[in-house]
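# A structural walkthrough
Spelled out, the chains give:
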Amino acid sequence: FAVLSISLIVSIAGSEKKHDLSGVYACTGNSPGGRSYRAIVTIVGQGNVYRLRWTFAGERGNLGIGIVHGNTLSVSYHSGRSNGIVVYDINESKELVGEWTVAGADGVIFNETLKKLPASYQGQQPRSPQPRDREPPNSENELENPIIEL
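Conventions used here
Residues numbered from 1 in each chain as written. Predicted model: local features only at pLDDT ≥ 70, side-chain atom pairs only at ≥ 80, totals over all residues. Heavy atoms only, no water. Helix = DSSP H or I, 4+ residues; strand = E, 2+ residues; numbered from the N terminus. Buried < 20%, exposed > 50% of the residue type's maximum accessible area, 1.4 Å probe, protein only. Contact = heavy atoms within 4.5 Å. Areas by Shrake-Rupley, 256 points an atom, 1.4 Å probe, with all protein chains shown as cover. Pairing = 2+ DSSP bridges. Axes fitted to C-alpha atoms, helices over the stretch in contact; angles between N-to-C directions. Phe/Tyr/Trp six-rings, centres within 6.5 Å; stacked < 30°, edge-to-face > 60°. Core = buried A, V, L, I, M, F, W, Y, C linked by side-chain atoms within 4.5 Å.

### Examining the overall build of the protein
A tally of helices and strands in the protein yields one helix and eight strands. Ordering the α and β elements of the protein from the N terminus gives α-β-β-β-β-β-β-β-β. When the 150 residues of the protein are sorted by exposure, 35% land in the buried category. Put simply, 46% of the contacts in the protein that link residues at least 6 apart link residues at least 24 apart. Per element, the accessible surface of the protein, about 8,900 Å² overall, is 55% carbon and sulfur.

Quick look at the structure:
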């Protein structure tokens, strides 16, 4: 009985979340065309599954869902006109340093960093939680910044 109890406790302790990434983050990155962008990213966790919402100037937004494995958060997202993926490394300070791409980027990978905002910002909801419908690109090679133009 004692061995069973210890095994159960170890099993429960091992299944706890290693990272709690829920919160509001300042986002900076580089987009197609070499332009930089900024956004607010809200992350809501449910176990090791996370829902993300990027909110940009002009109320453009992206929605994503991701999973944590080890020290990596992998997220599939939809920008309103295309789909993409971002993979973040979770560092010691809970900063998320990522690389992303989007359908139509011809194999190009871009950078993005999320830094958790102070507690006074947590719980605030950015405007425009849903991405707006966008016209599809006119050609496969047309890839204006699917994230934001500053």
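Read on for the rest.
### Some details on the sheet that holds strand 1 (residues 23–30)
An order of 1-2-3-4-5-6-7-8 is seen for the eight strands of this closed barrel, with the pairing classed as antiparallel. Going from strand to strand, the sheet's axes swing by 30° on average, the running direction of each strand aside. Across seven bridges, strand 4 (residues 61–69) lies against strand 5 (residues 72–78) in antiparallel orientation. The residue of strand 5 that forms the bridge with Val68 is Leu73.

### A few points about the packing of aromatic side chains
Throughout the structure, instances matching the rule amount to four aromatic pairs. Aromatic side chains Tyr37 and Trp100 sit 6.3 Å apart centroid to centroid with 70° between the ring planes, which places their arrangement in the edge-to-face category. Separated by 63 residues along the polypeptide, Tyr37 in strand 2 (residues 36–46) and Trp100 in strand 7 (residues 96–102) bring together distant segments of the chain. Classification of Tyr37 as buried rests on a relative accessible area of 1%. Ring geometry for Trp100 against Phe110: centres 4.6 Å apart, planes inclined by 35°, an arrangement best described as tilted. Highlighted residues: Trp100 in strand 7 and Phe110 in strand 8 (residues 110–116), separated in sequence by ten residues. For the pair shown, Trp100 and Phe110 are each scored as buried.

### Looking at the pairing of strand 8
On a regular strand, one side chain projects to one face of the sheet and the next to the other, so that they alternate. Where strand 1 lies against strand 8, five bridges are found, and the strand directions are antiparallel. When the sheet's bridge partners are listed, Cys27 is paired in strand 8 with Leu114. Looking at chain direction, strand 7 and strand 8 are connected through five bridges and run antiparallel. Across the sheet, residue Glu99 finds its bridge partner in strand 8, namely Asn111.

### Structural notes on the nonpolar core
Membership of the largest hydrophobic core comes to 24 residues, with the highest contact counts inside it found for Leu21, Ile43, Trp54, Leu73, Tyr88 and Leu96. Every element with two or more residues in this core is listed here: strand 1, strand 2, strand 3 (49–55), strand 5, strand 6 (83–90), strand 7 and strand 8. By residue number, the principal contributor to this core is strand 2, which donates four residues.

### Topic: unusual backbone geometry
Its identity as a non-glycine residue notwithstanding, Asp106 has a phi of 55°, on the positive side. Considering the arrangement of structural elements, one finds Asp106 in the loop between strand 7 and strand 8.

### So, the pairing of strand 7
Burial of strand 7 is one-sided: the residues Leu96, Gly98, Trp100 and Val102 facing one way are buried, the residues Val97, Glu99 and Thr101 facing the other way are not. Sheet analysis places strand 6 next to strand 7, joined by seven bridges and oriented antiparallel. Across the sheet, residue Tyr88 finds its bridge partner in strand 7, namely Gly98. Hairpin connection, strand 6 to strand 7: the antiparallel pair is bridged by five residues, and Lys94 has positive phi, about 65°.

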